[in-house]
Amino acid sequence: QVQLVESGGGLVQPGGSLRLSCAASGFTLSYYTIGWFRQAPGKEREGVSCISSSDGMTTSADSVKGRFTISRDNAKNTVYLQMNSLKPEDTAIYYCAAAGAPAVQALCVRSFDVRYWGQGTQVTVSS
């Protein structure tokens with residue numbers, strides 16, 4: 001059974017940190033380009049950060065550059081999103097996705113060639 005499961009969301013104060021996990025079962029994450037996306041109420045889904053299956057290249061949205069870091073642990077078949085210096089505008093449901101095409105920009109900007117989506121984890125940044 002192919003599955004992506006996000007975890008690690010929750011309530012955090014502005015300036016705090018969270019680490020999201022995206023664990024795969026039924027397929028090998030290292031063969032896929034992986035992305036983190038988010039969607040807030042009243043807003044369109046946006047790509048947050050993506051990592052290539054091939055050369056490890058990453059890309060991030062301008063709004064999170066310098067604050068969020070995407071990484072892989074292939075031994076654990078898991079991708080992470082380290083989120084630092086969180087802001088209220090980061091509040092959203094965060095989803096991970098696996099894509100067949102290798103281009104990180106295509107995945108993050110256009111959700112290109114997504115094969116699997118996770119169900120999402122809620123991140124709320126509030127005092």
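Note that the coordinates shown come from a computational prediction; the quantities given were computed from them, not determined experimentally.

Q: Looking at this structure, how should I read the packing of aromatic side chains?
A: Aromatic ring pairs are defined here through the distance separating the ring centres and the angle between the ring planes. Per the stated rule, a full pass over the model turns up four aromatic pairs. One aromatic cluster is present, formed by Phe27, Tyr32 and Tyr116 through successive ring pairs. Directly above the ring of Phe37 sits Arg45, whose terminal nitrogen or CZ lies 5.9 Å from the centroid.

Q: Just checking my understanding: could you explain the pattern of salt bridges for this structure?
A: Oppositely charged side chains can form a pair if their charged atoms are brought close together. Considering all chains together, one arrives at five salt bridges under this definition. With a shortest N-O distance of 2.8 Å, Asp90 and Arg67 are connected by a salt bridge. Note that Asp90 is positioned in the loop between strand 8 (78-83) and strand 9 (92-99) and Arg67 in the loop between strand 6 (58-60) and strand 7 (68-73), a separation of 23 residues in sequence. The buried category is assigned to Asp90, whose relative accessible area is 0%. Measuring nitrogen to oxygen at the nearest pair gives 3.0 Å for the salt bridge that ties Arg115 to Asp113.

Q: Could you clarify how one ought to interpret the nonpolar core in this entry?
A: Soluble globular proteins tend to bury their nonpolar side chains together. Core analysis: the biggest nonpolar cluster contains 28 residues, and Leu4, Trp36, Phe68, Leu81, Met83 and Tyr94 have the highest contact counts within it. Looking at this core, the elements that each hand over two or more residues are strand 3 (18-25), strand 4 (33-39), strand 5 (46-51), strand 7, strand 8, strand 9 and strand 11 (121-125). When sequence neighbours within four positions are dropped, the list of residues in contact with Phe68 reads Arg38, Val48, Ser60, Leu81, Gln82, Met83, Asn84, Leu86, Asp90 and Tyr94. With seven residues, the next largest nonpolar core counts Cys50, Ala97, Val104 and Cys108 among its residues.

Q: Is there a simple way to explain the pairing of strand 5 in this structure?
A: Along any regular strand, the residues point their side chains to alternate faces of the sheet. With five of six residues buried, strand 5 lies mostly within the body of the structure. Note: strand 4 against strand 5, five bridges, orientation antiparallel. Note on strand 5: the bridge partner recorded for Ile34 is Ile51. Connecting the antiparallel pair strand 4 and strand 5 is a turn made up of six residues, with Gly42 showing a positive phi of about 80 degrees. Bridge count for strand 5 against strand 6 is three bridges, and the pairing is antiparallel. Bridging from a neighbouring strand, Ser49 pairs with Ser60 of strand 6. Hairpin connection from strand 5 to strand 6: six residues lie between these consecutive antiparallel strands, with Gly56 at a positive phi of about 75 degrees.

Q: Hey, could you run me through the pairing of strand 4 in this one?
A: Here strand 4 lies mainly inside the structure; six of its seven residues are buried. Summarising the sheet, strand 4 and strand 9 pair through seven bridges and their orientation is antiparallel. By the bridge assignment, Phe37 is partnered in strand 9 with Tyr95.

Q: Whenever I open this one, the side chain of Ser21 confuses me. Can you help?
A: Considering the arrangement of structural elements, one finds Ser21 in strand 3. Setting aside its immediate chain neighbours within four residues, Ser21 contacts Val5, Glu6, Ser7, Trp36, Thr78, Val79 and Tyr80.

Q: Explain the sheet that holds strand 3 to me, please; I cannot follow it from the model alone.
A: Two orientations exist for strands paired in a sheet by backbone hydrogen bonds: parallel and antiparallel. Ordered by their spatial adjacency, four strands build an open sheet running 1-3-8-7, and the pairing between neighbours is antiparallel. Every interior strand has two partners, whereas the edge strands, strand 1 (3-7) and strand 7, have only one. Averaged over all adjacent pairs, the angle separating strand axes in this sheet is 15 degrees, with direction ignored. Alignment of strand 3 against strand 8, held across six bridges, turns out to be antiparallel. Counted as the bridge partner of Arg19 is Gln82 from strand 8.

What counts as what
- Residues numbered from 1 in each chain as written.
- Predicted model: local features only at pLDDT ≥ 70, side-chain atom pairs only at ≥ 80, totals over all residues.
- Heavy atoms only, no water.
- Phe/Tyr/Trp six-rings, centres within 6.5 Å; stacked < 30°, edge-to-face > 60°.
- Lys NZ or Arg CZ within 6 Å of the ring centre and 35° of its normal.
- Salt bridge = Lys/Arg side-chain N within 4 Å of Asp/Glu carboxyl O.
- Helix = DSSP H or I, 4+ residues; strand = E, 2+ residues; numbered from the N terminus.
- Buried < 20%, exposed > 50% of the residue type's maximum accessible area, 1.4 Å probe, protein only.
- Core = buried A, V, L, I, M, F, W, Y, C linked by side-chain atoms within 4.5 Å.
- Contact = heavy atoms within 4.5 Å.
- Pairing = 2+ DSSP bridges.
- Axes fitted to C-alpha atoms, helices over the stretch in contact; angles between N-to-C directions.

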